Amino acid sequence: MKEEAIELEGVITEVLPSAMFRVSLDAGHVVMATLAGKMRKFRIRVLAGDRVKVDVSPYDLSRGRITFRHKT
């Protein structure tokens, strides 16, 4: 059975090439994250300083997928 993703919140600290972002989580960790497919499809823009929800795999806690951008 496949493990469920861990859902965390954080703030984007750096925008990197090829739709990658460095996200500082509320727990104090920093992860590399990419945009989820639905966010790319609907062209949701994400900038440094935005508050986002990140799904992190339990197998690799240093990478994640941005699934939601909170309205600010």
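Values in this document were obtained by computation on a predicted structure and should not be read as measured data.

A. Molecular detail of the sheet that holds strand E1 (residues 6-16). Taken in spatial order, the 5 strands close into a barrel running E1-E2-E3-E5-E4, and their pairing is mixed. Shown here is a sheet whose adjacent strand axes are inclined to one another by a mean of 55°, direction ignored. Relative to strand E4 (residues 51-56), E1 runs antiparallel, the two sharing 6 bridges. Directly across from Glu7, in E4, lies its bridge partner Asp55.

B. Spatial organisation of the pattern of salt bridges. Here the structure, examined in full by the defined rule, presents 3 salt bridges. In this structure, Arg22 engages Glu14 in a salt bridge whose closest nitrogen and oxygen atoms are separated by 2.9 Å. The exposure class assigned to Arg22 is partly exposed, which follows from its relative accessible area of 30%. Its salt-bridge partner being Arg51, residue Asp26 comes within 2.6 Å of it at the nearest N-O pair. One end of the pair, Asp26, is in the loop between strand E2 (20-25) and strand E3 (30-35); the other, Arg51, is in strand E4, with 25 residues separating them in the sequence. Residue Asp26 is classed as exposed on the basis of its relative accessible area of 52%.

C. Inspection of the packing of aromatic side chains at higher detail. For the structure on display, the rule yields 0 aromatic pairs. One cation-aromatic arrangement involves Lys53 over Phe68; the distance from NZ or CZ to the ring centre is 5.4 Å.

D. Local environment of the side chain of Asp55. On the secondary structure map, Asp55 appears in strand E4. For Asp55, the residues in contact, after removing those within four places along its chain, are Ala5, Ile6, Glu7, Gly64, Arg65 and Thr67.

What counts and what doesn't
- Residues numbered from 1 in each chain as written.
- Predicted model: local features only at pLDDT ≥ 70, side-chain atom pairs only at ≥ 80, totals over all residues.
- Heavy atoms only, no water.
- Pairing = 2+ DSSP bridges.
- Helix = DSSP H or I, 4+ residues; strand = E, 2+ residues; numbered from the N terminus.
- Axes fitted to C-alpha atoms, helices over the stretch in contact; angles between N-to-C directions.
- Salt bridge = Lys/Arg side-chain N within 4 Å of Asp/Glu carboxyl O.
- Buried < 20%, exposed > 50% of the residue type's maximum accessible area, 1.4 Å probe, protein only.
- Phe/Tyr/Trp six-rings, centres within 6.5 Å; stacked < 30°, edge-to-face > 60°.
- Lys NZ or Arg CZ within 6 Å of the ring centre and 35° of its normal.
- Contact = heavy atoms within 4.5 Å.

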